[in-house]
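Chains, contacts and geometry: an overview
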Amino acid sequence: MATRAAQRRERLYVDGEWREADSALEVSDLAAGGTFAQVAGAGPAEARAALQAAEAAKPTLRETTVVERAHWCEEIAEKLRAREEELAEVIVREAGKPISSARGEVEQAAERFDRAAEEARNVVSTGEYREGSTEGHEGWQAIVKHEPIGAVLCITPYNYPLATTALQVAPAIAAGNSVLLKPASKTPISAAILTDIVTSVAGIPDGAFNFVPGQASEIGDVLAGDDRVNAIAMTGSSSAGEHVARESGMVTLHMELGGNAPAIVFEDADLADVAGSCAKGSFKYAGQRCSAVSRVLAHESVHDELVDLLEGQMDAWQAGDLFEEDTAFGPLISEDQADWVQELVDDAVEKGADLVRGGSRHAPAGVPDDLADQFFEPTLLANVPHDARIVDEEQFGPVAAVTTFSDEDEALEIANGSELALDAAVFTNDYKRAMRVADRVDAGGVRINGPPSHGLGDIPFGGNKRSGIGREGLDATIHELMRKKSIVL
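All of these numbers come straight from a predicted model, not from anything done at the bench.

1. Focus: the UniProt feature "domain: Aldehyde dehydrogenase" (unreviewed entry) in the protein chain
The positions that UniProt labels "domain: Aldehyde dehydrogenase" (unreviewed entry) are, in the present scheme, residues 18-487. The span residues 18-487 carries 40% helix and 21% strand; its end-to-end C-alpha distance comes to 41 Å.

2. Things to note about the domain arrangement of the protein chain
The domain boundaries assigned to the protein chain delineate domain 1 (8-257 + 467-488) and domain 2 (261-448). The distance between the C-alpha centroids of domain 1 and domain 2 comes to 31 Å. Facing the 27 residues of domain 1 at the interface are 27 residues of domain 2. Between domain 1 and domain 2, a total of about 2,100 Å² is buried, with carbon and sulfur atoms accounting for 60% of that surface. When the buried surface of domain 1 facing domain 2 is broken down by residue, Leu30, Tyr158 and Ser467 rank first, second and third, together holding 26% of it. Summed over the shared surface of domain 1 and domain 2, the result is 1 salt bridge. Among the ionic pairs, Glu325 bridges to Arg103, the shortest N-O distance being 2.8 Å. Counting the contacts that link domain 1 with domain 2 gives 8 residue pairs in polar contact (both at pLDDT 80 or more). Taken together, the elements giving at least two residues each to the side of domain 1 that touches domain 2 come down to α3 (84-95) and α4 (99-125). Counting residues per element, the side of domain 1 that touches domain 2 draws most heavily on α3, which supplies 5 residues.

3. As for the layout of surface pockets
Leftover empty space is mapped by rolling, across the atoms, a probe with the size of a water molecule. The calculated volume of the second largest pocket comes to roughly 330 Å³. Lining the second largest pocket are 16 residues, and of these Val124, Lys145, His146, Glu147 and Pro148 sit closest to its centre. When residues of the lining of the second largest pocket are assigned to their parent elements, the largest contribution, 5 residues, is made by strand β7 (residues 141-148).

4. Considering the pairing of β7
With 4 bridges joining them, strand β6 (residues 128-131) and β7 adopt antiparallel strand pairing. The residue of β7 that forms the bridge with Glu131 is Gln141. Relative to strand β23 (residues 482-488), β7 runs antiparallel, the two being bridged by 7 bridges. Residue pairing in the sheet places His146 in a bridge with Lys484 of β23.

5. Re the pattern of salt bridges
Following the criterion strictly, the structure yields 37 salt bridges and no others. Arg81 is paired through a salt bridge with Glu107; the nearest N and O atoms lie 3.1 Å apart. With Arg81 in helix α2 (residues 66-82) and Glu107 in helix α4, this residue pair connects regions lying 26 residues apart in the sequence. The shortest N-O distance in the salt bridge between Lys351 and Asp347 comes to 3.1 Å. Residue class for Lys351 comes out partly exposed when judged on its relative accessible area of 36%. With relative accessibility at 11%, the residue Asp347 sits in the buried group.

6. Things to note about the packing of aromatic side chains
Tallied over the full model, the rule gives 5 aromatic pairs. Plain terms: the ring middles of Tyr160 and Tyr285 are 6.3 Å apart, the flat faces sit at 65° to each other, and that makes the pair edge-to-face. In this pair, Tyr160 is assigned in the loop between β8 (151-155) and α5 (163-174) and Tyr285 in the loop between α9 (271-283) and β14 (293-299), connecting sequence segments 125 residues apart. The class of Tyr160 is partly exposed, set by a relative accessible area of 21%. Given a relative accessible area of 4%, Tyr285 falls into the buried group. Residues Phe266 and Phe405 carry aromatic rings whose centres are separated by 5.4 Å and whose planes lie at 75° to one another, so their mutual orientation is edge-to-face. One end of the pair, Phe266, is in the loop between β13 (261-265) and α9; the other, Phe405, is in strand β17 (residues 399-405), and 139 residues separate them in sequence. Using a relative accessible area of 2% as the deciding quantity, one classes Phe266 as buried. A cation sits over an aromatic face here: Lys97 above Tyr160, 3.6 Å from the ring centre.

Parameters at a glance
- Residues numbered from 1 in each chain as written.
- Predicted model: local features only at pLDDT ≥ 70, side-chain atom pairs only at ≥ 80, totals over all residues.
- Heavy atoms only, no water.
- UniProt positions renumbered as here; feature names shortened; annotations may be inferred.
- Helix = DSSP H or I, 4+ residues; strand = E, 2+ residues; numbered from the N terminus.
- Domains from an automatic or database assignment.
- Contact = heavy atoms within 4.5 Å.
- Buried area = accessible area lost by both parts, 1.4 Å probe.
- Salt bridge = Lys/Arg side-chain N within 4 Å of Asp/Glu carboxyl O.
- Polar contact = N/O pair within 3.5 Å; in protein donor to acceptor, adjacent residues only side chain to side chain.
- 1 Å grid on protein atoms, 1.4 Å probe; cavity = no way out; pocket = protein on both sides within 12 Å on 5 of 7 lines; lining within 4 Å.
- Points joined across faces, edges and corners; volume = space filled by probe spheres on them.
- Pairing = 2+ DSSP bridges.
- Buried < 20%, exposed > 50% of the residue type's maximum accessible area, 1.4 Å probe, protein only.
- Phe/Tyr/Trp six-rings, centres within 6.5 Å; stacked < 30°, edge-to-face > 60°.
- Lys NZ or Arg CZ within 6 Å of the ring centre and 35° of its normal.

Structure follows, in structure tokens:
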């Protein structure tokens, strides 16, 4: 396995300066075991100082032009690429992500800053002009302009600690807002490096960007419940999102939350292609993705064949040294997460599911003792009863759970039975059926003949029900983080 790195020490960044704090977050090294970093943990006092700084920076930022802000984003993208190897190693260690995926995440983050610059130019340059069209208002003319919304609180997740952060921060900066960045407590190091990059850009005023890592229980409500915050961009669990929404008051909420994506497989689908797609959808990054294929709904006539094909895919999805290029995935983020996955698998088996393969913790040779219980082997469940919890609840683990349906209506009933409605997939060679089912599935996004994927952010994505509020994406998020002003002549 990988060797341990020298332990890092990171600080807060508030109102133009790096600061220490009385407490610290300990970040585990998921590649080699032990502690990877100590990060200053913001308390309520530091959170309030960041809020004041973000508030004070609003007038200065309002005076900046989209040209200036676009240049900032492009410089940030360039500096991210210059530090790719450092950032990739950090993502491997703090998030437990294979090196090949980590490098891709750095490039994706850089590309999101580049694209945010383009999208902001487009938004600002395509304002509206309107004329009065009702009786008594015939001579009225109006210019509708976009302006910054104010201060944006960015609450980011552990699974894509740089790319998802970029998806929130880049549009916020491009739109002219001040930022308060609250990263996931388990993965704050890549966000600290991003902070170093952002604040090194000439022209960004003090207070415009504030980095406040800390425990949600200590500072979450202080940040989310403050009137100086104008918008909250958040990616996280449904329960955490609901709590933030209750605390937030009159602000714009921009949230992508939990997922439990169904893959609906009809009898006319190309099953070999389905097996490859569902294996990738279920096992990539050990299933720790909101868009992961969490349940495979197979027509009863093809269930057994599809299970055999899925099992044939599983040898390619094995854990290993995260710095080896061919490693597919590593440990789960914590023992608690592994406990949760085990609980859902055991529940399914107790209710009658067939455990085809996997089903328990299994660490590769050489894994340090402190990481061993975080490895959960790729798992395949067949004939999963519809009342098993894994059919409805978010798992965030490497489990392909295959259940059956008899007809289209039953497939939709199962798919729509969960309170999570982020993504879905439909596999069929019948175009009319594909579009009909896609229309009827309750989800923010539906992929036809492929696993769910959010990509760079060109296409808006987000969830229904408990899976979120609004739609993310570069253009979509910029619009959410700006407000319209109508100037009537």
